[in-house]
Amino acid sequence: LAHATREGDNVNDYQLPGFTKWNALAAYTWHAWGTQWSEQVNVDNAFNSHYFESISGTRTVMPGAPRHWLGTLKADLY
């Protein structure tokens, strides 16, 4: 994918590359032993894109986080 550039600071001194970041989740719920169970997996930056998240000041550019996974398991008694 070709991405447009974006300005790096408020006075337009320099440009940063544009980016696309994909997030995803998958979840499943089931009942067993008098409990409702739920599991979920989230992935942030699924394709591990290299990008610049934000700027701080005039010349400090903060890189975006790499791919990150988070899994949860939840039990609800009913």
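Keep in mind the model is a prediction, meaning the values are calculated, not measured.

*Asks:* What is the right way to look at unusual backbone geometry in this model?
*Replies:* Glycine aside, residues mostly have negative phi angles, and peptide bonds mostly take the trans form. Positive phi, close to 55°, is recorded for Trp 33, a residue that is not glycine. Within the secondary structure layout, Trp 33 lies in the loop between strand 3 (24–32) and strand 4 (35–44). Judged by its relative accessible area of 77%, Trp 33 is exposed. Its identity is not glycine, yet Asn 45 carries a phi of approximately 60°, on the positive side. Along the chain, Asn 45 turns up in the loop between strand 4 and strand 5 (52–56).

*Asks:* Could you clarify how one ought to interpret the pattern of salt bridges in this entry?
*Replies:* As a working rule, side chains carrying opposite charge can pair if their charged atoms are close by. Tallied over the full model, the rule gives 2 salt bridges. Residue Asp 44 pairs with Lys 21 through a salt bridge whose shortest N-O separation is 3.6 Å. With a gap of 23 residues between them, Asp 44 in strand 4 and Lys 21 in the loop between strand 2 (15–17) and strand 3 connect regions that are remote in the sequence. The residue Asp 76 makes a salt bridge to Lys 74 at a minimum N-O spacing of 3.6 Å. Judged by relative accessible area, Asp 76 falls into the partly exposed class, the value being 32%.

*Asks:* Help me understand the sheet that holds strand 3, please; the structure alone is not making it clear to me.
*Replies:* Backbone hydrogen bonds hold the strands of a sheet together, and the pairing may be parallel or antiparallel. Taken together, 3 strands build an open sheet; the order of strands is 3-4-7 and the sheet is antiparallel. Either end of the sheet is taken by a strand with one partner, and the two such strands are strand 3 and strand 7 (68–77). Strand-to-strand twist across the sheet, computed as the mean angle between neighbouring axes with direction ignored, equals 10°. Note that strand 3 and strand 4 share 9 bridges and pair antiparallel.

*Asks:* Looking at this structure, how should I read the packing of aromatic side chains?
*Replies:* Aromatic ring pairs are reported here in terms of the distance separating the ring centres and the angle at which the planes meet. Scanning the model with the defined rule gives 4 aromatic pairs in all. Note on Trp 22 and Phe 47: the rings are 6.3 Å apart at their centroids and 85° apart in plane angle, and the pair reads as edge-to-face. In this pair, Trp 22 is assigned in the loop between strand 2 and strand 3 and Phe 47 in the loop between strand 4 and strand 5, connecting sequence segments 25 residues apart. Here Phe 47 falls in the exposed class, since its relative accessible area comes to 60%.

Parameters at a glance
- Residues numbered from 1 in each chain as written.
- Predicted model: local features only at pLDDT ≥ 70, side-chain atom pairs only at ≥ 80, totals over all residues.
- Heavy atoms only, no water.
- Helix = DSSP H or I, 4+ residues; strand = E, 2+ residues; numbered from the N terminus.
- Buried < 20%, exposed > 50% of the residue type's maximum accessible area, 1.4 Å probe, protein only.
- Salt bridge = Lys/Arg side-chain N within 4 Å of Asp/Glu carboxyl O.
- Pairing = 2+ DSSP bridges.
- Axes fitted to C-alpha atoms, helices over the stretch in contact; angles between N-to-C directions.
- Phe/Tyr/Trp six-rings, centres within 6.5 Å; stacked < 30°, edge-to-face > 60°.

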